[in-house]
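What follows is the residue order along each chain.
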Amino acid sequence: MSPTPLQQAAQRLASANRVAVLTGAGVSAESGVPTFRGPGGLWENHRPEELATPGAFQKDPALVWRWYLWRRGLIAQCQPNPGHLALADLEKRVGEFSLITQNVDGLHRLAGSSDPLEIHGNLWWVRCTSCGALYEERGPDLPAPPPCKECGAMLRPHVVWFGESLDPELLDQAWRAAATCEVMLVAGTSAVVQPAAGLASVAKQAGAFVIEVNLEPTPNSAEVDVSLMGKAGEILPEIMALL
Ligand code: OAD
């Protein structure tokens, strides 16, 4: 009998020495963190250009700051789910493991992943708009961006906004992980925001076996080797149980 797609995914992961994982908002959905697209997604009720662009922050820093505080408030109530935990577990079983995430919620770290490449930043960090100083800032919840402790200029959330480039070093690490892995697992992303959306193709073209986990088909689905439809918080532990 030929293996099921789930068994195929597990077999490939079990025998791989180099694994790259790319996650998106869908992996945190079962923790209660809203996704961006789809029913109930953040972009259903909010316009990205009014909240998540450098222009929006320049025009109304306090509005943008408050939106991020609101999201922090939501995320503060959330715990890692079995999908995050499965990925932290996978890391322990693979020689060379890279976890690339578009999520800014910090839940992979909370779940025990050691060094996720947070290519879109982290909501719990702030960055100076002038000197670039970077620090973790979990509160108090100020109504407007506070001044930098180093130089007094305005702080901003340490996240990537539309129209901004990703940290070149992180992007380079993500690209190298995709281009050199034997297996790539892509979970819970709509795969529409570049450059992250292109990582599955990079891996595929370099000869990797690519596994997708999502509730529904994405632009990646046609070219991946195995597409597992369902909840990441269920499918990822199921894969781990077969390793
Ligand atoms: P999206 O909100 O675009 O997509 C979430 C994906 O997760 C969709 O494809 C859903 O079908 C899937 N999904 C939802 N719940 C799931 C579950 N329980 N299990 C598995 N899959 C599930 O989120 P991203 O692809 O992460 O960028 O969005 C990419 C970027 O767009 C974000 O990082 C953010 C946003 O604008 C910035 O802020 C720079």
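Reading the values: rules and limits
- Residues numbered from 1 in each chain as written.
- Predicted model: local features only at pLDDT ≥ 70, side-chain atom pairs only at ≥ 80, totals over all residues.
- Heavy atoms only, no water.
- Helix = DSSP H or I, 4+ residues; strand = E, 2+ residues; numbered from the N terminus.
- Axes fitted to C-alpha atoms, helices over the stretch in contact; angles between N-to-C directions.
- Parallel < 35°, antiparallel > 145°, perpendicular 65-115°, else oblique.
- Left-handed = near helix turned anticlockwise from the far one by under 90°.
- Contact = heavy atoms within 4.5 Å.
- Nonpolar A, V, L, I, M, F, W, Y, C, P; charged D, E, K, R; others polar.
- Pairing = 2+ DSSP bridges.
- 1 Å grid on protein atoms, 1.4 Å probe; cavity = no way out; pocket = protein on both sides within 12 Å on 5 of 7 lines; lining within 4 Å.
- Points joined across faces, edges and corners; volume = space filled by probe spheres on them.
- Domains from an automatic or database assignment.
- Phe/Tyr/Trp six-rings, centres within 6.5 Å; stacked < 30°, edge-to-face > 60°.
- Buried < 20%, exposed > 50% of the residue type's maximum accessible area, 1.4 Å probe, protein only.
- Buried area = accessible area lost by both parts, 1.4 Å probe.
- Salt bridge = Lys/Arg side-chain N within 4 Å of Asp/Glu carboxyl O.
- Polar contact = N/O pair within 3.5 Å; in protein donor to acceptor, adjacent residues only side chain to side chain.

Participant: Pulling in residues and values, what's your account of unusual backbone geometry?
Facilitator: A cis amide bond, omega 5°, links Gln194 with the succeeding residue Pro195. For Pro195, the position within the fold is in the loop between strand 7 (183-187) and helix 10 (199-205). Of note, Ala191 is a non-glycine position whose phi angle comes to about 55°, a positive value. Note that Ala191 resides in the loop between strand 7 and helix 10.

Participant: Could you give an account of the packing of helix 7 (residues 82-93) against helix 11 (residues 232-242), naming the residues involved and the relevant values?
Facilitator: At their nearest, the axes of helix 7 and helix 11 sit 7 Å apart, and the two run at 30° to each other. Judged on the interaxial angle alone, helix 11 and helix 7 are roughly parallel. Of the two elements, helix 7 crosses helix 11, and the hand of that crossing is left-handed. Contact residues: Pro82, Gly83, Ala86, Leu87, Asp89, Leu90 and Arg93 in helix 7; Ala232, Gly233, Leu236, Pro237 and Met240 in helix 11. Tallied by class, residues from the contact of helix 7 with helix 11 come to 8 nonpolar, 2 polar and 2 charged.

Participant: Explain the sheet that holds strand 7 to me, using residue names and the numbers behind them.
Facilitator: With respect to topology, 6 strands assemble into an open sheet ordered 3-2-1-7-8-9, the strand pairing being parallel. Both edges of this open sheet fall to strand 3 (117-118) and strand 9 (226-229), since each of them pairs with a single strand only. Inspection of the sheet shows strand 8 (residues 209-214) paired to strand 9 by 4 bridges, in the parallel sense. Looking at the pairing, Val213 lines up with Leu228 of strand 9. On top of the sheet, helix 1 (residues 5-15) reaches strand 1 (18-23), strand 7, strand 8 and strand 9; it is set at about 120° to strand 9, its chief contact.

Participant: Give a description of empty space enclosed by the protein that names residues and reports values.
Facilitator: Applying the stated criterion across every chain, the model contains 2 cavities of 30 Å³ or more. Of all the secondary-structure elements, those providing two or more residues to the lining of the largest cavity are helix 2 (25-29) and helix 6 (61-76). Ranked by residues supplied to the lining of the largest cavity, first place goes to helix 6 with 3 residues. Residues belonging to the lining of the largest cavity are distributed by class as follows: 8 nonpolar, 3 polar and 2 charged. There are two domains that each give the lining of the largest cavity at least three residues, and those are domain 1 (5-33 + 80-120 + 166-242) and domain 2 (39-77 + 130-159). As a volume, the second largest cavity reaches approximately 30 Å³. Along its surface, the second largest cavity is lined by Trp65, Tyr68, Leu69, Arg72, Leu123, Trp125, Val126 and Pro157.

Participant: Before we move on, could you go through the packing of aromatic side chains and cite the residues and values that matter?
Facilitator: Across all of its chains, the model carries 6 aromatic pairs by this definition. Look at Phe36 and Trp43: their rings are 5.4 Å apart centre to centre, the planes differ by 40°, and that puts the pair in the tilted class. By relative accessible area, which is 18% here, Trp43 ends up buried. Ring plane angle 50° and centroid distance 6.3 Å describe the contact between Tyr68 and Trp161, whose orientation is recorded as tilted. A residue pair is termed long-range when its members are at least 10 positions apart, and Tyr68 in helix 6 and Trp161 in the loop between strand 6 (155-159) and helix 9 (168-180) qualify at 93 residues.

Participant: Break down the domain arrangement of the protein chain for me, with residues and values.
Facilitator: Domain boundaries assigned for the protein chain yield domain 1 (5-33 + 80-120 + 166-242) and domain 2 (39-77 + 130-159). Each of domain 1 and domain 2 has a C-alpha centre, and the two are 27 Å apart. Contacts between the two partners involve 4 residues from domain 1 and, on the opposite side, 4 residues from domain 2. If you sort the residues of domain 1 by the area they bury against domain 2, Val104, Asp105 and His120 come out on top, with a joint share of 68%. Run the count over domain 1 and domain 2 and you get 0 salt bridges. One can count 0 residue pairs in polar contact (both at pLDDT 80 or more) joining domain 1 with domain 2. The residue inventory of the side of domain 1 that touches domain 2, partitioned by class, reads 2 nonpolar, 1 polar and 1 charged.

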